Amino acid sequence: DALSSFGSASYYAQSMLAKKRGDRVLVSALQEAPGAPERAPASHGGIGVGVWHTQAEYTDITVTGADGRSLLNVAPPRDLKGWQTTGGKWEGTEKAIHPADGDSESWAMTGDPNWTDYTIRLKARKQSGREGFIVLFHSQDGSNYRWWNVGGWGNTLARCEAAKNGDRAAYGAGMPFVVETGRWYDLRLEVTENRVRGFVDGKLVTDTMQEPTAAPLLVIASATYATADHTVLVKVVNPGSDPVDMAIRVRGVGKVDPKGTAIVLTGDPNAVNTVEHPTNIAPKPEAIMNASESFHRTFPPHSFTILRLNVKL
């Protein structure tokens, strides 16, 4: 504002790179420890509706179990008691529910976190905005869920997405779909084990199997050498939602000083810096006391770390 300023998380990341560059790029290799891939647990959870910079309203929301039993009936949904919201407040009327802010990234959730197979039926209407409708399924909380995005990607596609600890990725095939403004749509989502079938006005537009995918290499790393002060700089990015333990081996040196320094930038991926909290996400120095030619270090989730190791050639 007129009196103060603050750095963003990306500013701090760029500042770390600029100040800890080194003048020689070292040959480095990153290897993943062998092991059997983990089998993903069976998906389960409640339901919900959402918007992405769009003003939309939803009504006549029902959930039916695989055995035909009614699990949820919120028509009309003017009472939002028992609903949880993320990204902003939602309001209920005698006819529909909708986000209070028409330009938000927000969703409202309800239901039992132990539900597995079910069919969601609802009506939806877009009033304005960039995209279309979002129907959540197998939702655990605001950061762990799956959803059917109808009119996503700039109101061009219908496709499923999955989120774990706030990290969201699309899966399955996307089908072209454009949501018209001012028109009511009948949406139906059938969730059976790992299969998701989405219908708009009775027409099948999404049919996907949620298949396990190969886990990517969890971290990215590089190394440089600062000639002036005989320092090896190891840069490590852990973009995942779990901590990663790494064995670091420094070859071609005579000795590594046990005492080094780590500069760590980490935090919740949804967190931001503000004027009131300017260093909510900011780099913090940590002492290294066990450095050697071969040592272990755990890198926190959602982090960028620079290790400064003093060496003798």
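Numbering of residues begins from 1 in every chain and follows the order in which that chain's sequence is written. pLDDT decides what is reported in this predicted model: residues at 70 or higher carry local features, side-chain atom pairs at 80 or more are listed and counted, and totals for whole chains, interfaces and linings draw on all residues regardless. With hydrogens and water stripped out, all remaining heavy atoms of the structure feed into the side-chain values.

Chemist: Looking at this structure, how should I read the sheet that holds strand S2 (residues 46-52)?
Modeler: Strand order across the open sheet formed by seven strands is S5-S8-S2-S10-S11-S12-S13, with antiparallel pairing between neighbours. Bordering the open sheet on either side are strand S5 (84-86) and strand S13 (167-176), each of which pairs with just one other strand. Across the sheet, the mean angle separating the axes of adjacent strands is 20° when strand polarity is ignored. Should DSSP find at least two bridges between two strands, the strands are taken to pair. In DSSP terms, a helix is any run of H or I states spanning at least four residues, a strand is any run of E spanning at least two, and both are numbered starting from the N terminus. Here six bridges tie strand S11 (residues 144-151) to strand S12 (residues 157-164), and the two strands are oriented antiparallel to one another. In the sheet register, asparagine 149 faces S12, and the bridge partner there is arginine 159. All axes are obtained by fitting lines to C-alpha atoms, using only the stretch in contact for helices, and the reported angles, taken between N-to-C directions, cover 0 to 180 degrees.

Chemist: Would you mind going over the packing of aromatic side chains with me for this structure?
Modeler: Geometrically, a pair of aromatic rings is defined through the distance of the ring centres and the angle of the planes. When the centres of two rings from Phe, Tyr and Trp lie within 6.5 Å, Trp using its six-membered ring, the rings pair. Their planes under 30 degrees apart give stacked, over 60 give edge-to-face, and anything left gives tilted. Taken as a whole, this structure holds nine aromatic pairs when the rule is applied. Look at tyrosine 58 and phenylalanine 133: their rings are 6.1 Å apart centre to centre, the planes differ by 70°, and that puts the pair in the edge-to-face class. Pair noted here: tyrosine 58 is in strand S3 (residues 54-65) and phenylalanine 133 is in strand S10 (residues 133-141), with a separation of 75 residues, a long-range link. Joined through ring pairs, the aromatic side chains of Tyr58, Trp90, Phe133, Phe177 and Tyr185 make up one cluster. Note that arginine 188 overlies the ring of phenylalanine 199, its terminal NZ or CZ placed 3.9 Å from the centroid. Two thresholds decide whether a charge sits over a ring: the Lys NZ or Arg CZ must be within 6 Å of the ring centre and within 35 degrees of the ring normal.

Chemist: Before we go on, may I ask you to explain the nonpolar core in this structure?
Modeler: The biggest cluster of nonpolar side chains holds 37 residues, and the ones touching the most others in it are Tyr58 and Trp148. Put simply, buried Ala, Val, Leu, Ile, Met, Phe, Trp, Tyr and Cys residues joined by side-chain atoms within 4.5 Å make one nonpolar core. Only protein chains enter the calculation, and the probe is 1.4 Å; a residue is then buried if its accessible area is under 20% of its type maximum, exposed if over 50%, and partly exposed in between. Counting 21 residues, the second-largest nonpolar core is a separate cluster that includes Val232, Val244, Ala262 and Leu309.

Chemist: Which parts of the structure should I look at to understand the side chain of glutamate 57?
Modeler: In this fold, glutamate 57 is placed in strand S3. Overall, glutamate 57 belongs to the buried group, its relative accessible area being 10%. The definition of a polar contact used here is a pair of N or O atoms within 3.5 Å, where within protein one atom must be able to donate a hydrogen and the other to accept one, and adjacent residues in sequence count solely through side-chain atom pairs. At 2.5 Å, the side chain of glutamate 57 forms a polar contact with the side chain of arginine 125. Within the local environment of glutamate 57, its side chain forms a polar contact with the side chain of glutamine 127, the two groups lying 3.5 Å apart. Contact definition: two residues touch when any of their heavy atoms are within 4.5 Å. Among all residues touching glutamate 57, those that are not within four sequence positions of it are Ala96, Ile97, His98, Lys123, Ala124, Arg125, Gln127 and Trp184.

Chemist: Which parts of the structure should I look at to understand the environment of isoleucine 134?
Modeler: On the secondary structure map, isoleucine 134 appears in strand S10. As a C-alpha pair, isoleucine 134 and alanine 56 span 78 residues in sequence and 9.6 Å in three-dimensional space. In this structure isoleucine 134 touches Gly48, Val49, Gly50, Val51, Trp52, Tyr58, Trp147, Trp148 and Asn149, once residues within four positions along its chain are discounted.

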